[in-house]
Amino acid sequence: MRKIPAGYKSKLDLLQTEQAIKKVKDYFENNLAEELNLIRVSAPILVKEGNGINDNLNGVERIVSFDALDIKDTQIQVVQSLAKWKRLALAKYGIGLGKGLYTDMNAIRRDEILSNLHSLYVDQWDWEKVITREQRNVQTLQAEVRKIYNVLRSTEIYLNDFFPELTPSLPMNIHFVTTQELEDEFPELTPKQREDKVAKEYGAVFIFQIGGELKSGKKHDGRSPDYDDWTLNGDIVLWNPTLEMAFEVSSMGVRVDEEALKQQLILAGAEDRMNLEFHQAILKGEVPYTIGGGIGQSRLCMFFLQKAHIGEVQVSIWNEEILQACREANIQLL
């Protein structure tokens, strides 16, 4: 578990915390939908194994799966995210160019290393939007990032009206930097240390081009090869004054087209996925070109409510070491 700030004390009590969580989620969701031109749809928490729809994340996490009494000859999986499902849903609903969808995504990640930043339970807004092939470029990516960032800033100001003790900290604009630029500038630092460095300097940064190898032969971070285009994706990272660290709140990107899918599957040694249902739909042109991402609900609440532990804004299960550390730090978990 990351170190809790010395002398930390929540600025909100339990009841105020629950009220603030509701305000953050309602305001952000409504304004995100308006800013990005999205409609809300229902989404699965379970999918069938073997169709390629579930998110493989970094490819090493064990997916929660089980067999069901009344569904024969297949395993059921709990989703890890809806990165692939959303693209199929856009085609299913017939959503047009420049419009998109969003949904509440709830997942269980059994291999997550628990800390004050990570829980077994993941909740986020997943969104996806239709673009043209010509819009698969960095200008489109940056435009959508700026829209999301505008909603982040307005949410922080909105919450401050109700809870003046929650002083806003986000800068006017978000800074853009590639992973290669960070490696070139700070070759002696780890990727996480680079993120801390740039986030502290600018307050809010979009770090893009994640998944492929850098000039050093190392990756900044892992990404599944079959949803984001590694040259047109990235993370929104904020400087967290409470924890004094870089704080990721969103991962997003332009999605793979036919060529990017083939190339990235080869680089990942995952060519066997090419025949799965989802991947065939992309290769046959049966799904639209899209941009999309996920925005952590508990992460946003943790940031805006200036909390030191994610368990202060969501109910989950913790090991005894974390429970003891929270007791000693006077942290009240929900």
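A few points on the structure. In this text the structure is predicted, and so the values were computed from the model without any measurement. (Residues numbered from 1 in each chain as written. Predicted model: local features only at pLDDT ≥ 70, side-chain atom pairs only at ≥ 80, totals over all residues. Heavy atoms only, no water.)

### Some words on unusual backbone geometry
- One non-glycine residue, Glu244, adopts positive backbone phi at about 55 degrees.
- Positionally, Glu244 belongs in the loop between β9 (228-240) and β10 (245-255).
- One non-glycine residue with positive phi stands out, namely Asn330, at about 60 degrees.
- Tracing the backbone through its elements, the reader meets Asn330 in the segment after α9 (320-328).
- Residue Asn330 is classed as exposed on the basis of its relative accessible area, which comes to 58%. (Helix = DSSP H or I, 4+ residues; strand = E, 2+ residues; numbered from the N terminus. Buried < 20%, exposed > 50% of the residue type's maximum accessible area, 1.4 Å probe, protein only.)

### Side note on helix α3 (residues 138-162)
- With 25 residues, α3 should reach 36 Å at 1.5 Å per residue; the first-to-last C-alpha distance of 37 Å fits that figure.
- What α3 keeps buried is the set Thr140, Leu141, Gln142, Glu144, Val145, Ile148, Tyr149, Val151, Leu152, Thr155, Glu156 and Leu159.
- Taking the backbone nitrogen of Gln139 as reference, a side-chain oxygen 3.1 Å away marks Asn137 as the first, capping residue of α3. (Expected span 1.5 Å × (residues − 1). Polar contact = N/O pair within 3.5 Å; in protein donor to acceptor, adjacent residues only side chain to side chain.)

### With respect to the sheet that holds strand β3 (residues 65-68)
- Across the sheet, which stays open at both edges, the 3 strands sit in the order β2-β4-β3 with antiparallel pairing between neighbours. With partners counted over all chains shown, the strands left at the sheet margins are β2 (46-48) and β3, one partner each. Along the sheet, successive strands turn relative to each other by an average axial angle of 40 degrees, direction set aside.
- Pairing analysis gives 3 bridges linking β2 to strand β4 (residues 71-78), with the strands arranged antiparallel. The residue bridging Leu46 from the neighbouring strand is Val78, located in β4. (Pairing = 2+ DSSP bridges. Axes fitted to C-alpha atoms, helices over the stretch in contact; angles between N-to-C directions.)

### Some thoughts on the layout of surface pockets
- Taken as a whole, the second largest pocket spans an internal volume of roughly 290 Å³.
- Every residue lining the second largest pocket is counted, 15 residues in all, and those nearest its centre are Gly211, Gly212, Glu213, Trp230 and Leu267.
- Those elements that place two or more of their residues in the lining of the second largest pocket are α4 (179-185), β9 and α6 (258-267).
- Among the elements that make up the lining of the second largest pocket, the one with the highest residue count is α6 (4 residues).
- Looking at the lining of the second largest pocket, its residues break down into 4 nonpolar, 8 polar and 3 charged. (1 Å grid on protein atoms, 1.4 Å probe; cavity = no way out; pocket = protein on both sides within 12 Å on 5 of 7 lines; lining within 4 Å. Points joined across faces, edges and corners; volume = space filled by probe spheres on them. Nonpolar A, V, L, I, M, F, W, Y, C, P; charged D, E, K, R; others polar.)

### Some points on the packing of α3 against helix α8 (residues 297-304)
- Between α3 and α8, the shortest axis-to-axis distance is 11 Å and the interhelical angle comes to 50 degrees. As far as their axial angle goes, α8 and α3 are oblique. The handedness of the crossing between α3 and α8 is right-handed. Between α3 and α8, the residues in contact are Leu152, Thr155, Glu156 and Leu159 and Leu300, Phe303 and Phe304, respectively.
- Tallied by class, residues from the contact of α3 with α8 come to 5 nonpolar, 1 polar and 1 charged. (Parallel < 35°, antiparallel > 145°, perpendicular 65-115°, else oblique. Left-handed = near helix turned anticlockwise from the far one by under 90°. Contact = heavy atoms within 4.5 Å.)

### Topic: the sheet that holds strand β1 (residues 38-40)
- Pairing is mixed across the open sheet formed by 8 strands, whose spatial order is β1-β5-β6-β11-β10-β9-β8-β7. Unpaired on one side and paired on the other, β1 and β7 (175-178) mark the two borders of the sheet. Sheet twist, expressed as the mean angle between neighbouring strand axes with direction ignored, is 25 degrees.
- Relative to β9, strand β8 (residues 204-208) runs antiparallel, the two being bridged by 5 bridges. Its bridge partner being in β9, Ile207 is matched across the sheet by Asp235.
- The sheet contacts of helix α2 (residues 85-93) involve β5 (100-108), β6 (121-131), β10 and β11 (289-296), and relative to β6 the element is tilted by about 45 degrees.

What is shown is where atoms sit, not what they do.
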